[in-house]
Amino acid sequence: MFLRFVFFLLLQFLGAVAGALVFPEALRIRGALVGMLTAGLVWVLLDFSRGLKLLQWIRRDDFSSQPFRHGLWGELAERVRRLVRVREHQIEDSETRLHDFLSALQASPNGVVLLDAQARIEWFNQTAAGHFGLDSQRDLQQHFGNLVRDPTYAAYALEADFTHGVTLPGRQSTASRPVRLSVNLHPYGQGRLLLLSRDITMFEQAEAMRRDFVANVSHEIRTPLTVLSGFVETLQTLPLDATERARYLDLMAQQAERMQSLVSDLLMLSRLEGSPLPGEGEWHSVTSLTTQLEQEGRALSAVLNPPMTGPAQALHFEAALPVELSGMVSELYSALSNLVSNAVRYTPAGGEVRCGWIEHGDGRTEFYVQDSGPGIAFEHIPRLTERFYRVDRSRSRDTGGTGLGLAIVKHVAQRHGAELKIESTLGKGSRFAIIFPASRVRRIPQAVAAEAV
Ligand code: ADP
């Protein structure tokens with residue numbers, strides 16, 4: 001600044017000297033004044049042209065080079081350049097932060113839509129696009145209510161009580177595959193709205209299943225309980241002779257047994273759902289499993305088909321393979337015995353039940369139970385493993401069924417990496433099979449040795 005002042009004074013001095021020399025001697029003072037004035041004008045013009053140059057430089061918006069390096073104008077240019085650079089960094093930072101923020105919203109498993117004060121779409125993530133069928137090319141700046149034409153949403157948005165949400169059908173919802181969305185609006189900023197959507201289809205289905213399950217269990221327990229309390233009342237109020245009393249007590253024992261089987265099947269199912277998967281380290285002989293199954297199957301067949309009621313059932317248990325299965329023995333036995341007991345229970349007297357093991361070429365091993373029972377209509381087959389699903393209700397109840405047997409079989413099979421295969425022809429019979437993966441089957445070491453000899 002000081003130099004600039006000195007330079008100004010020097011220019012004034014030189015202007016005065018030049019003016020004094022140019023003008024005649026009598027007008028020397030006036031000449032000096034004119035010279036000083038001219039020098040001042042030159043100074044102002046020079047400054048004006050520099051100011052213009054600086055302005056043009058700022059307008060060009062390219063701050064890579066500087067028009068002045070030194071002096072007042074140089075400092076001004078440098079300060080402008082620095083200020084612009086700081087602002088550019090700030091904008092870059094804000095953009096990066098905005099980008100990160102939008103990426104986080106994009107990664108959200110929930111749908112996110114940002115609406116302006118007029119409820120027009122400003123931004124949405126991919127999940128919301130899927131939920132509402134939005135297109136980023138087409139639907140930005142559109143009124144959200146015009147795209148989601150749902151009266152429930154319209155009423156919700158109009159009511160403007162955002163303390164609760166609403167449930168809407170998703171864009172891809174069909175009668176056979178319903179999609180349910182929970183939608184919540186949250187006000188933010190100046191009149192803006194944040195819309196969050198969540199797919200609650202699975203949750204609603206699980207909730208419905210839970211309700212059905214509780215209703216089914218209550219129904220299954222209430223029936224024997226009602227019968228039991230009826231008998232208790234009879235025993236308390238009526239004078240019965242010893243034979244009648246014994247008959248009543250027998251019937252009561254049957255109902256109590258029915259409740260016991262139901263509770264034990266329920267416990268089994270909850271254990272199967274809650275316990276860790278069975279390891280592959282424990283091996284169990286298929287022969288001993290088959291012997292146990294045969295004993296139990298024959299005993300059940302004898303109870304259900306007493307000699308006086310008609311011809312007995314023909315039960316064939318083929319010789320077990322010299323193999324071992326790995327897994328939880330109690331679960332394996334429960335699954336296999338459910339299949340045997342179903343075949344025995346649903347096959348009428350005089351019918352035939354055949355059980356055995358088959359080795360597949362790829363190392364898998366199958367346990368099958370084939371019967372000549374009533375068979376199952378095609379449309380029932382996919383639903384047989386649902387809890388409490390019964391095709392023949394009365395036969396199931398009369399023979400002590402709980403409606404949970406095949407649900408247990410399916411769970412056990414899944415836990416052991418095995419597959420449950422059901423084939424049936426109405427009027428001809430059924431074939432149930434569990435196919436164990438090669439990793440869970442091994443030949444008994446002695447048998448391998450014996451074969452080698
Ligand atoms: P339940 O205790 O009623 O036998 P399951 O889950 O074991 O329950 O079986 C479900 C239904 O499948 C049964 O109610 C029955 O109608 C049908 N079912 C199962 N096994 C057979 C079979 N071998 N023959 C005919 N129907 C069967």
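Quick caveat: nothing in here was measured; it's all calculated off a predicted structure.

Novice: Sorry if this is basic, but what is going on with the sheet that holds strand β1 (residues 111–115) here?
Specialist: The strands that make up a sheet are held in pairs by hydrogen bonds between backbone atoms, and each pair lies either parallel or antiparallel. Taken in spatial order, the 5 strands line up as β2-β1-β5-β4-β3 in an open sheet, and their pairing is antiparallel. One side of each edge strand has no neighbouring strand; the edge strands of this open sheet are β2 (121–124) and β3 (166–169). The mean inter-strand angle of the sheet, taken between neighbouring strand axes irrespective of direction, is 25 degrees. By the bridge criterion, 3 bridges tie β1 to β2 in an arrangement that is antiparallel. Paired with V113 across the bridge in β2 is F124. Strand contacts of helix α6 (residues 151–159): β1, β3, β4 (180–188) and β5 (192–199), with the helix running at about 20 degrees to β4, the strand carrying the most contacts.

Novice: Even after reading the chapter, I still don't get the nonpolar core, so can you show me in this structure?
Specialist: Looking at soluble globular proteins, one finds that nonpolar side chains tend to be buried together. Judged by nonpolar contacts, the single largest core of 45 residues is most densely connected at I434 and F436. If you tally residues by element for this core, the top one is helix α10 (residues 329–346), at 8 residues. In this view, I434 contacts A335, L336, L339, T365, E366, F367, V409, A413, A418, E419 and L420; residues no more than four positions away in its chain are not counted. Counting residues in each nonpolar core, the second largest holds 21 residues, with L115, F124, A128 and L168 among its members.

Novice: When you look at the side chain of S326 in this model, what are you seeing that I'm missing?
Specialist: Note on placement: S326 falls in strand β8 (residues 323–326). With near-sequence residues (within four places) excluded, S326 lies in contact with G279, E280, E282, W283, L332, H416, S439 and R440.

Novice: How do you make sense of the environment of Y188 when you look at a structure like this?
Specialist: Structurally, Y188 is set in strand β4. Taking relative accessible area as the criterion, Y188 reaches 32% and is therefore assigned partly exposed. Sequence separation between Y188 and L114 is 74 residues, and the spatial gap between their C-alpha atoms is 9.7 Å. Once you skip the residues sitting within four places of it in the chain, Y188 turns out to touch L114, L115, E122, L193 and L194.

Parameters and conventions
- Residues numbered from 1 in each chain as written.
- Predicted model: local features only at pLDDT ≥ 70, side-chain atom pairs only at ≥ 80, totals over all residues.
- Heavy atoms only, no water.
- Pairing = 2+ DSSP bridges.
- Helix = DSSP H or I, 4+ residues; strand = E, 2+ residues; numbered from the N terminus.
- Axes fitted to C-alpha atoms, helices over the stretch in contact; angles between N-to-C directions.
- Contact = heavy atoms within 4.5 Å.
- Core = buried A, V, L, I, M, F, W, Y, C linked by side-chain atoms within 4.5 Å.
- Buried < 20%, exposed > 50% of the residue type's maximum accessible area, 1.4 Å probe, protein only.

So far we have only geometry, and geometry alone does not tell us how the molecule works.
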